[in-house]
Structures are given as structure tokens and as C-alpha cells.
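# Chains, contacts and geometry: an overview
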Amino acid sequence: MGSLGQLPIWASKPCIMGIDEAGRGPVLGPMVYGCLYCARSYQKTLSTLQFADSKTLKEEKREELIEELKTNESIGWAVDVIDPRDLSDKMLKKNKINLNEISHNSAIGLVRKTLDLGVLLTEVYVDTVGDPEKYRVKLSEIFPAIKFVVAKKADSLYPVVSGASIVAKVTRDRALRDWVLDETAENMQRNFGSGYPGDPETKAWLDHHKHAVFGFPTLVRFSWGTCNAYSKDSVEVLWESDANDEDESNGRASKRQVKLTNIGFTGVKRKSEDIESNGKGRCKFFQARKLELLTQF
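Note that the coordinates shown come from a computational prediction; the quantities given were computed from them, not determined experimentally.

### Notes on the packing of helix α2 (residues 59–71) against helix α7 (residues 159–177)
Interaxial distance between α2 and α7 falls to 10 Å at its minimum, and their mutual angle equals 110 degrees. Judged by the inter-axis angle, α2 sits roughly perpendicular to α7. Of the two possible hands of crossing, α2 and α7 adopt the one that is left-handed. Within the contact between the two elements, α2 uses Glu59, Arg62, Glu63, Leu65, Ile66, Glu67, Leu69 and Lys70 and α7 uses Ile166, Val167, Lys169, Val170, Asp173, Arg174 and Arg177. Its residues assigned to classes, the contact of α2 with α7 shows six nonpolar, no polar and nine charged.

Okay, structure coming up:
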């Protein structure tokens, strides 16, 4: 975690921390939470380092500042990169976790990990998610020894949060730039634009990369409402466990189960065992992951 190896002497003195995120709104890629911390006595110097809200800085300037941070022994920083699959899984599972709670948990995790390193945090400044006062109370109850300041636009008010904003933004930008697509389908492209729902290039990429059965590549946060518009031509799949649960509740045998092997990835009807044995006609999703049909458990 962070830029520190061995804990420096200043970390045992009262320290401040800033927390901010990057990539909360996009439909593509991870959401990244970043934190930056330093000795409270370093605050005045911190304000001279040209930190600002990362959205107001050009990419070249952000990259320059992050490289300076790496060599600054008076500052520590860390990131929490939340994979788009994790975001979607948490927001769509039975016991849903909304985006605000995911954000809160990430910020809490950064504070906890920094404390575990031995850093003496006494003040933490946070760019709010939701109601600032409720968020502040929540954090204060978890970490009663720390003074929390939670505010809207904190990245433009407090240099320590501005620094955290740059850390988060650069980390997300690099993650998108270096993203390796897991999928092996033909005609996969990387020109997905900014990843924001309103970006025409992002919209075109989503339309080109939708799949009637498997939806979108794992780069996509498929829990976002933006994805609903692309599901008109999708195939309805009823999973066996869901069908069984419904049958038990209704007291009748399942007659509506749709098996993936019946959807028709091949032009010729064959037994699923034959398809599994030679691999021909199977969806590339299964081929790439070397998934086989189990007939006995």
C-alpha cells in the first residue's frame, strides 16, 4: 500500500490525510479511491506544490505531479482500485450494496490500512459522497480518535485532498490505458473513448461490443442504467437454480427452463456431448476459458 516502504520518522507525529475518488460516473473501467497523507507540520509546504482538483489539470501536469510525489519522502499515498466487475456484482447481488456504500467502504479501508502501517492520523479531509454531515458522523464513529472534515468540492478546498484527487485520477487513467481485455471474440476494439455514458465514442463502443447472451466485456459496469438500452435484443436466460426455486415456490415442475445449449450457437442441431467433445460450434466464451459440460456431479 502506498509509496512508503519503511515508515519514516514524520509518520509517528500528528498527520493529516486527504481522500478523493476518480471514475465514479463512467460506465467503463474501475473506480479508484486515492489518499494522500503527510505530517501536519508539512501543510504549508503542501500548499505550494501546485496541487489542484485533478479535473482542472491537463493530463501532462497530472503525470508530472505524480512523478514528483513518488520522490517526495515527506508524503505518503495509496490507492484502492475497484474493478468494474466488483462494482456490478455488489450492486446487483441479492443483498445489494449501493455505490455510496461501496465508496464509503473504500475510504474507510484506506484510513484503516494507513493506521495499520503505524501512521499517526489525527485529521482526515474527505470529498463527500452523499450528505456530508451523515458521512462525517459515520467516519467519526468508526475512528473516534480522528477529526474528520467532510465537504463538497473538498478537492478544490484542501491541498491534501487535491493531491489525493491526482493520485486517484492518474491511477484510473493508467488502468484504462493499459487495460487488457479478457475476452477473445473477434473485432474487439480499444477505442472506447472516455468511458462516460454521454461520450459518443463510448456509446458506439458499447453498441459494437454487446453480446445477446453474455452481455458486455468485463471492462463494462453492466449494473449501470446506461447498459439497459443495449439489452433489447438480448436473449433471456433462465438459470436452472432460479427455475428450481420458482418451481418449489409454485409447486409445479419446471416447463420454462431455457438451456444455453438450446439457444443456437451452431447452425446444425447436435447433442451437447458431441459439441463438448470436439469444441466445434461452441461459443468462444467457453472455448477461451476451457469450460466443459458436466453431465455428472
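Right, picking up where we left off after that structure.
### Examining the environment of threonine 122
Mapped onto the secondary structure, threonine 122 falls in strand β4 (residues 121–127). Between the C-alpha atoms of threonine 122 and proline 14, which are 108 residues apart in sequence, the distance is 5.7 Å. Other than its neighbours up to four places away in sequence, threonine 122 contacts Pro14, Cys15, Arg40, Ala145, Ile146 and Lys147.

### Observations regarding the environment of threonine 128
Its location among the elements puts threonine 128 in the loop between β4 and α5 (132–142). Residue threonine 128 is classed as buried on the basis of its relative accessible area of 14%. C-alpha separation for the pair threonine 128 and valine 150, spaced 22 residues apart in sequence, amounts to 5.6 Å. Ignoring any residue separated from it by four or fewer positions in sequence, one finds threonine 128 in contact with Tyr135, Val150, Ala151 and Lys152. In terms of polar contacts, threonine 128 uses its side chain to reach the backbone carbonyl oxygen of glycine 130, at 3.0 Å.

### Some details on the sheet that holds strand β3 (residues 75–82)
Across the sheet, five strands lie side by side as β3-β2-β1-β4-β5; this open sheet has mixed pairing. A single partner strand is all that each edge strand has here, and the edge strands are β3 and β5 (147–151). Taking each pair of neighbouring strands and ignoring which way they run, the sheet shows an average axis angle of 15 degrees. Two elements, β4 and β5, share five bridges in a ladder whose sense is parallel. Residue pairing in the sheet places valine 124 in a bridge with phenylalanine 148 of β5. Here helix α4 (residues 99–117) sits on the sheet in contact with β1 (15–22), β2 (31–39), β3 and β4, set at roughly 35 degrees to β2.

### Considering the state of the cysteines
Counted under the stated rule, the structure contains zero disulfides. No disulfide involves cysteine 15; its sulfur sits 7.1 Å from that of cysteine 38, the nearest cysteine.

### A short note on unusual backbone geometry
With phi around 65 degrees, glutamine 50 is a residue other than glycine that occupies positive phi space. Examined against the element boundaries, glutamine 50 turns out to sit in the loop between α1 (43–46) and α2. Positive phi outside glycine occurs at lysine 153, with the angle close to 60 degrees. For lysine 153, the location among the structural elements is in the loop between β5 and α6 (154–157).

### A word on the nonpolar core
Counting 44 residues, the largest nonpolar core has Ile19, Leu121 and Val124 as the members making the most contacts within it. Counting residues per element, the ones that place at least two in this core are β1, β2, β3, α4, β4, α5, β5 and α8 (200–208). By residue number, the principal contributor to this core is α4, which donates six residues. Beyond its immediate stretch of four places on either side in the chain, valine 124 contacts Met17, Ile19, Val111, Ile146, Lys147, Phe148 and Val149. The next biggest cluster of nonpolar side chains, apart from the first, holds 21 residues, and it includes Leu46, Leu57, Tyr125 and Val161.

### Re the packing of α4 against α5
When two helices pack together, their arrangement is given by the angle between the helix axes and by the axis-to-axis distance. Packing of α4 against α5 brings their axes to within 12 Å, and their N-to-C directions diverge by 35 degrees. In the crossing of α4 with α5, the sense of the turn from one axis to the other is right-handed. The segment α4 lies against α5, with Ser103, His104, Ala107, Ile108 and Arg112 engaging Tyr135, Lys138, Leu139 and Ile142. Considering only residue class, the contact of α4 with α5 consists of five nonpolar, two polar and two charged.

Rules used in this analysis
- Residues numbered from 1 in each chain as written.
- Predicted model: local features only at pLDDT ≥ 70, side-chain atom pairs only at ≥ 80, totals over all residues.
- Heavy atoms only, no water.
- Axes fitted to C-alpha atoms, helices over the stretch in contact; angles between N-to-C directions.
- Helix = DSSP H or I, 4+ residues; strand = E, 2+ residues; numbered from the N terminus.
- Parallel < 35°, antiparallel > 145°, perpendicular 65-115°, else oblique.
- Left-handed = near helix turned anticlockwise from the far one by under 90°.
- Contact = heavy atoms within 4.5 Å.
- Nonpolar A, V, L, I, M, F, W, Y, C, P; charged D, E, K, R; others polar.
- Buried < 20%, exposed > 50% of the residue type's maximum accessible area, 1.4 Å probe, protein only.
- Polar contact = N/O pair within 3.5 Å; in protein donor to acceptor, adjacent residues only side chain to side chain.
- Pairing = 2+ DSSP bridges.
- Disulfide = S-S within 2.5 Å.
- Core = buried A, V, L, I, M, F, W, Y, C linked by side-chain atoms within 4.5 Å.

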